[in-house]
Amino acid sequence: MPSSSISAMLVPILLTAFLARGDEPPKVPGVVIDYQAAETGQYIGSPSIAVLPDGSYVASHDLFGPKSTFNRTRVFGSTDQGKTWQHRSDIEGAFWNTLFVHEGALYAIGASARYGDTVIRRSDDGGRTWTSPKDDQTGLILTDQRYHCAPQPVLVHKGRIWRAMEDAGGTGGWGKHFRAFMMSAPVDADLLKAENWTVSNRLASDTKWLDGKFNGWLEGNAVATPEGRVVNILRVDVPKGGGMAAIIQISDDGKIASFDPATGLFEMPGGSTKFAIRYDPQSKCYWALANAIPERHLGRVPGGIRNTLALLRSDDLRHWEIRSYVAYHHEVQHHGFQYPDWQFDGDDIIAASRTAYDDGKGGAHNFHDANYLTFHRIENFRQASNLELPPMPPPEPAIGECEAFRVEGFDFVVAPFEEDAVAYGNRKYKWKDVPEQFRGWRFTRTEGGLRATMTVTARRDTIVYAATAPSQEGTDTTGWEPTDVPTFYYTSAGKTRLAVFQRRLKAGESVQVPQTNWTGMIVLLPAK
C-alpha cells in the first residue's frame with residue numbers, strides 16, 4: 001500500500017497520531033474506508049459499493065488529480081457490515097468504475113482510463129483478483145470513442161442487464177461534448193464478450209434547451225419506469241437553481257435512444273450533480289441519494305454545491321421529495337459528500353461517498369477534490385425523516401482598510417489587484433487588461449455568483465472606485481458614476497468585461513456596495 005493512502009484498517013493509527021499531538025481527531029461523518037491527503041496531488045473519486053452473495057461488502061474508488069495516472073482503482077472489503085474495511089486489490093487500467101454482482105460474480109464496468117475504452121472485469125473471489133480486458137473476448141467492449149461514465153447503477157430488467165454510458169464525441173467542451181447512450185446484454189450472456197452487448201445510438205444535447213441555459217448531460221441512471229420501460233435519467237449541468245435532470249427513452253431492444261426536450265427535462269433536488277436511483281419493490285417507490293441544495297446555500301452554481309447529502313423518494317421518477325439528510329457541513333468550498341453510490345441491505349441503505357472533509361492537515365484541496373472514501377448506513381430508510389439542519393454559524397467579518405476609507409462586511413477577502421491575479425475565490429478566472437492606474441492596488445475578492453456584503457465608510461472626503469459588469473442581468477449602479485477608465489476582464493469563456501465606477505463620499509459617510517449580478521461589484525483599495 002502506498003504510504004500516502006491509508007485504508008480503514010489503519011485509521012486508528014491516524015487518530016492515535018492526532019491524539020499524541022494533543023489535537024482533536026477528525027470527526028469525519030460515516031466510517032472511513034480510505035484516505036488520501038491533499039498534499040499528495042491525488043484525490044479520491046468514483047465511489048462504488050456492492051453487497052456480495054455472502055452478505056459482505058465491497059467498495060472501490062479511483063484516483064484523480066495532477067499527480068495521478070487517471071487509470072487506477074482501489075478495492076476494499078468489509079466482513080463486519082461496514083464497521084471496518086480492508087484493502088483487497090488495486091486495478092490498473094480501470095477508471096470511473098461501477099461495482100455490481102451478477103450470477104454470483106463481482107463485476108467492475110467503466111473506462112480503462114480517463115476518456116479511455118469501455119471495459120468490464122469479473123472477480124470470482126470478492127475483488128481480490130480480476131480478469132484482464134485484453135480483447136473483445138475478455139472485457140474490451142468499446143474502443144472507437146473517448147468514453148465517460150461514473151459509478152452509475154446497473155439495472156436487471158426483462159431478461160437484460162442495462163448500463164448507461166456517455167462518450168465525448170460531441171462538439172464543445174466539458175458537458176457539451178457528452179453524448180448519452182445505453183448498453184445492454186442478455187442476463188445469461190458472457191458479459192466479457194463484446195459481441196453480447198447491444199449499444200444504442202448516441203444522443204448529443206443542445207445548448208438551446210432551457211432557454212440557452214443547458215450546459216450538458218452526463219452520468220445517467222438505467223431505471224425501469226412504473227410502466228416497465230427502460231429510461232436513462234441523467235444529471236443536467238445548469239448555471240443556477242436547485243438542480244435539473246433529463247430522461248431519455250430507450251427502446252425495448254436497447255437499440256434506440258430518444259429524447260424530447262419539451263417533456264424530458266424536470267427539476268430534481270441535486271439533479272445537477274451525480275446521483276444514483278434504484279427502485280424498492282416493498283415501498284413501490286424510487287429512492288435516490290443526491291446533493292440536494294438547502295435554501296440557505298442557493299445562489300451558487302448548483303453543480304458546485306455538494307455539502308449536503310440527501311435521501312430522496314419518488315413515485316414516478318419526475319417528482320422528488322427530500323426524505324432525510326444523510327450528511328451535511330455548513331461550509332461549501334472544502335466540504336462535500338458527493339458521487340454517492342448505494343445499495344439496499346434489508347431495511348437499510350448502505351452507501352459510499354467521495355467525501356471532502358477536515359483531516360487535521362489542512363483538509364481537502366477543495367470540495368471537489370475529495371480526501372476520503374466514507375461508508376454510510378441509513379437505518380430503516382423507508383422511515384428516515386431527518387430534515388433538520390444545524391444552525392449556520394455566524395459568518396466571519398471581513399475588513400479592508402486604506403487611509404481614506406474602510407470596507408466592512410462578509411464573504412470577501414482583500415487581495416492584490418494586478419494582471420493575472422485570481423479574480424474569484426471559487427473560480428480559476430484571472431484578471432486581464434488591469435487598468436494601469438490601479439495596478440498595485442487591492443480589491444475585494446468574492447466568490448463568483450455569491451452575493452457578498454460590503455459597506456464603505458469614509459475616513460475623510462474621498463472618491464471610492466469600484467467595478468462591475470454592466471452587461472450582466474440585474475446590474476445596479478445607482479449612485480455610482482461611470483468613469484473613462486478602460487475596461488478589464490476576467491478569463492471566463494465569455495471574457496466578461498468590468499467597467500470602473502466612482503462615488504464621492506464625505507468624511508463619516510457610509511454606503512453599501514451593490515452586489516446584484518453574478519460578478520458583483522468589487523471595491524478597489526489603494527495600497528495604503
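Residues numbered from 1 in each chain as written. Predicted model: local features only at pLDDT ≥ 70, side-chain atom pairs only at ≥ 80, totals over all residues. Heavy atoms only, no water.

Asker: Whenever I open this one, the overall build of the chain confuses me. Can you help?
Answerer: Helix and strand counts for the chain stand at two helices and 40 strands. On C-alpha atoms alone, the chain measures out to a radius of gyration of 25 Å, which is about the 24 Å that the 2.2 N^0.38 rule sets for 528 residues. Across its three principal directions, the C-alpha atoms of the chain cover 80 × 60 × 45 Å. Counting the 528 residues in the chain, one finds 56% classified as buried. A separation of at least 24 residues holds for 59% of the contacts in the chain among residues at least 6 apart in sequence. When the accessible area of the chain is evaluated, it comes to approximately 21,700 Å², of which 49% is carbon and sulfur surface. For the chain, the distance from the average position of its 56 positive side-chain charges to the average position of its 62 negative side-chain charges is 3 Å. (Helix = DSSP H or I, 4+ residues; strand = E, 2+ residues; numbered from the N terminus. Rg over C-alpha atoms; globule rule 2.2 N^0.38 Å. Buried < 20%, exposed > 50% of the residue type's maximum accessible area, 1.4 Å probe, protein only. Contact = heavy atoms within 4.5 Å. Areas by Shrake-Rupley, 256 points an atom, 1.4 Å probe, with all protein chains shown as cover. Lys, Arg positive; Asp, Glu negative; His and termini not counted. Charge placed at Lys NZ, Arg CZ, Asp CG, Glu CD.)

Asker: When you look at the environment of Q86 in this model, what are you seeing that I'm missing?
Answerer: Among the structural elements, Q86 can be located in strand β6 (residues 86-92). With 436 residues separating them in the primary sequence, Q86 and I522 have C-alpha atoms 50 Å apart. Within the structure, Q86 has its side chain in polar contact with the side chain of T84 (distance 3.4 Å). (Polar contact = N/O pair within 3.5 Å; in protein donor to acceptor, adjacent residues only side chain to side chain.)

Asker: Before we go on, may I ask you to explain the nonpolar core in this structure?
Answerer: Most often, soluble globular proteins have nonpolar side chains that are buried together. F100, I120, M183, L191 and W197 are the most contacted members of the largest nonpolar core, which totals 28 residues. Breaking this core down by element, the ones donating at least two residues are β7 (95-102), β8 (105-111), β10 (140-142), β13 (160-167) and β14 (179-186). If one sorts the elements of this core by residue count, β8 sits on top with four residues. In this structure, L203, L234, M244 and L265 belong to the second largest nonpolar core, which totals 22 residues. (Core = buried A, V, L, I, M, F, W, Y, C linked by side-chain atoms within 4.5 Å.)

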